[in-house]
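What the coordinates show
Now for the letters of each chain:
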Amino acid sequence: MSRILKIILFIVGFALFFEAGLICSYTIVTSQPPDVGKLVNMQLEEISSFFNFGSNNVLSNQETITILNPYDVANALNSSGNVNSIDVQSLAAITSQDTSSGNNITVNITATGYNDVTSGSNTSSIVISPNSTYSIVATATGKTTSKGIMIDLSTIKITSVKKLYTNS
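Scoring rules and cut-offs
- Residues numbered from 1 in each chain as written.
- Predicted model: local features only at pLDDT ≥ 70, side-chain atom pairs only at ≥ 80, totals over all residues.
- Heavy atoms only, no water.
- Helix = DSSP H or I, 4+ residues; strand = E, 2+ residues; numbered from the N terminus.
- Buried < 20%, exposed > 50% of the residue type's maximum accessible area, 1.4 Å probe, protein only.
- Areas by Shrake-Rupley, 256 points an atom, 1.4 Å probe, with all protein chains shown as cover.
- Contact = heavy atoms within 4.5 Å.
- pLDDT = per-residue confidence, 0-100.
- Expected span 1.5 Å × (residues − 1).
- Core = buried A, V, L, I, M, F, W, Y, C linked by side-chain atoms within 4.5 Å.
- Polar contact = N/O pair within 3.5 Å; in protein donor to acceptor, adjacent residues only side chain to side chain.

1. With respect to the overall build of the chain
Helix and strand counts for the chain stand at three helices and six strands. Ordered by position from the N terminus, the helices and strands of the chain form the series α-α-β-α-β-β-β-β-β. Going through the 168 residues of the chain one by one, you find that 23% of them count as buried. As presented, the chain carries roughly 11,700 Å² of accessible surface, and 58% of it is formed by carbon and sulfur atoms.

Here it is, written out as structure tokens:
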């Protein structure tokens, strides 16, 4: 038997052994008989998705838009995000919608925020550490122009505030 044929038989045997293990574990975990066709199709779809980068990728059509009122957006995020300050340079608006001029679109806004931590209020010294950093994600709508997007401040809704770093 040729070496290539032995390798192919080994791979086929391993795949059959793997599939049998998958079916058995599915039965043990769910206490139901598996739908073998669905399991195999799921695996084939996952494998084929590795080879289809960018074709139907949700992230492939996203576009970053210039925010035309960044200081107003930073102030709105600052007050509703419970942080002391927003890095205006870190503001980014991203959308997958049509950005033609005059359209009202929804965008995801990301920003970096900072919070001052004050301690020692009951002692003779007060220490202020400005080293808590946060990642802020929000959604908003705005009107697009040829230069960017004017965010409607009343539509800003914070979806997450995550602490990235603290110096305590």
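2. Topic: the environment of S146
Secondary-structure assignment places S146 in the loop between β4 (127-144) and β5 (149-151). Residues S146 and T66 lie 80 residues apart in sequence; the distance between their C-alpha atoms is 10.0 Å.

3. Considerations on the environment of L164
Structurally, L164 is set in strand β6 (residues 157-165). Residues L164 and S132 lie 32 residues apart in sequence; the distance between their C-alpha atoms is 7.5 Å. If sequence neighbours within four positions are ignored, L164 has contacts with T133, Y134 and S135.

4. Observations regarding the environment of N84
You can see N84 is positioned in the loop between α3 (70-80) and β2 (85-95). Note on N84: relative accessible area 40%, which makes it partly exposed. For the pair N84 and G113, spaced 29 residues apart in sequence, the C-alpha separation works out to 7.4 Å. Leave out the neighbours within four places in its chain, and N84 touches N78, Y114, N115 and D116.

5. Some remarks on the confidence of the model for the chain
In this model, the chain carries an average pLDDT of 80, and 82% of its residues clear a pLDDT of 70 or more. Summarising per-element confidence for the chain, the mean pLDDT is lowest in helix α2 (residues 36-50) (71) and highest in β5 (95).

6. Topic: helix α1 (residues 3-30)
Compared with an ideal rise of 1.5 Å per residue, which puts 28 residues at 40 Å, α1 spans 40 Å between its outermost C-alpha atoms and is within 8% of the ideal. Once α1 ends, the next one or two residues include S31, with phi positive near 60°.

7. Points about the nonpolar core
Among the nonpolar cores identified, the biggest contains 22 residues, and V73, L77, L91, V107, I109, I151 and I156 are the most heavily contacted of them. Broken down by secondary-structure element, the contributors of at least two residues to this core are α3, β2, β3 (104-119), β4 and β5.

8. Here's the deal with the side chain of N69
Among the secondary structure elements, N69 is positioned in the loop between β1 (63-65) and α3. Note on N69: relative accessible area 7%, which makes it buried. When sequence neighbours within four positions are dropped, the list of residues in contact with N69 reads I149, M150, I151 and L153.

9. Considering the side chain of T144
Its location among the elements puts T144 in strand β4. A distance of 2.5 Å separates a polar atom in the side chain of T144 from the backbone oxygen of S100.

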